[in-house]
Amino acid sequence: MRRQVLIYSGDMFNELESVPYVITMDVVAEPDPLTVTTYSGVHISYTRLDHVPKGALSDHFGTIPAELLATVNTRLFLVLTTS
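Source: prediction; values computed, not measured.

Analysis parameters
Residues numbered from 1 in each chain as written. Predicted model: local features only at pLDDT ≥ 70, side-chain atom pairs only at ≥ 80, totals over all residues. Heavy atoms only, no water. Helix = DSSP H or I, 4+ residues; strand = E, 2+ residues; numbered from the N terminus. Rg over C-alpha atoms; globule rule 2.2 N^0.38 Å. Buried < 20%, exposed > 50% of the residue type's maximum accessible area, 1.4 Å probe, protein only. Contact = heavy atoms within 4.5 Å. Areas by Shrake-Rupley, 256 points an atom, 1.4 Å probe, with all protein chains shown as cover. Lys, Arg positive; Asp, Glu negative; His and termini not counted. Charge placed at Lys NZ, Arg CZ, Asp CG, Glu CD. Pairing = 2+ DSSP bridges. Axes fitted to C-alpha atoms, helices over the stretch in contact; angles between N-to-C directions. Salt bridge = Lys/Arg side-chain N within 4 Å of Asp/Glu carboxyl O.

Considering the overall build of the protein
Across its full length, the protein carries 2 helices and 4 strands. Going residue by residue from the N terminus, the α and β elements of the protein occur as β-α-β-β-β-α. At 13 Å, the protein has a C-alpha radius of gyration in line with the 12 Å of a compact globule built from 83 residues. Oriented by its inertia axes, the alpha-carbon framework of the protein measures out at about 35 × 30 × 25 Å. Of all 83 residues assigned to the protein, the portion counted as buried reaches 20%. Counted over contacts in the protein with a minimum sequence separation of 6, partners at least 24 positions apart contribute 50%. Taken as a whole, the protein presents about 6100 Å² of accessible surface, with 59% of it coming from carbon and sulfur. Computed over 5 positive and 9 negative side-chain charges, the inter-centroid distance for the protein is 5 Å.

Comments concerning the sheet that holds strand β2 (residues 21-28)
Taken in spatial order, the 4 strands line up as β1-β2-β4-β3 in an open sheet, and their pairing is antiparallel. Each having just a single partner strand, β1 (5-8) and β3 (35-37) make up the two edges of the open sheet. Within this sheet the neighbouring strands show an average axis-to-axis angle of 45 degrees, counted without direction.

What about the pattern of salt bridges?
Taken as a whole and judged by the stated rule, the model has 1 salt bridge. Between Asp26 and Arg48 there is a salt bridge whose closest N-O contact spans 3.1 Å. Note that Asp26 is positioned in strand β2 and Arg48 in strand β4 (residues 43-53), a separation of 22 residues in sequence. A relative accessible area of 11% places Asp26 in the buried class.

So this is what it looks like as structure tokens:
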């Protein structure tokens with residue numbers, strides 16, 4: 001099934017052939033307290049984590065700005081450390 005996700009990865013991680021997966025966060029239609037909204041109105045659910053084989057990825061639409069990534073990083077860290 002095809003879905004839209006934010007790929008949570010970086011160049012160094014992507015180049016590690018021994019790691020065949022990337023972490024993903026679902027893009028959802030409606031915002032809620034556990035989403036981060038991009039400047040273009042896309043809602044990223046940072047608590048809905050999954051891992052996907054790198055080879056299964058298809059269309060790449062772009063990147064998010066550094067300051068928005070910092071927000072996602074902070075919230076993801078809070079979720080992971082309080083779980």
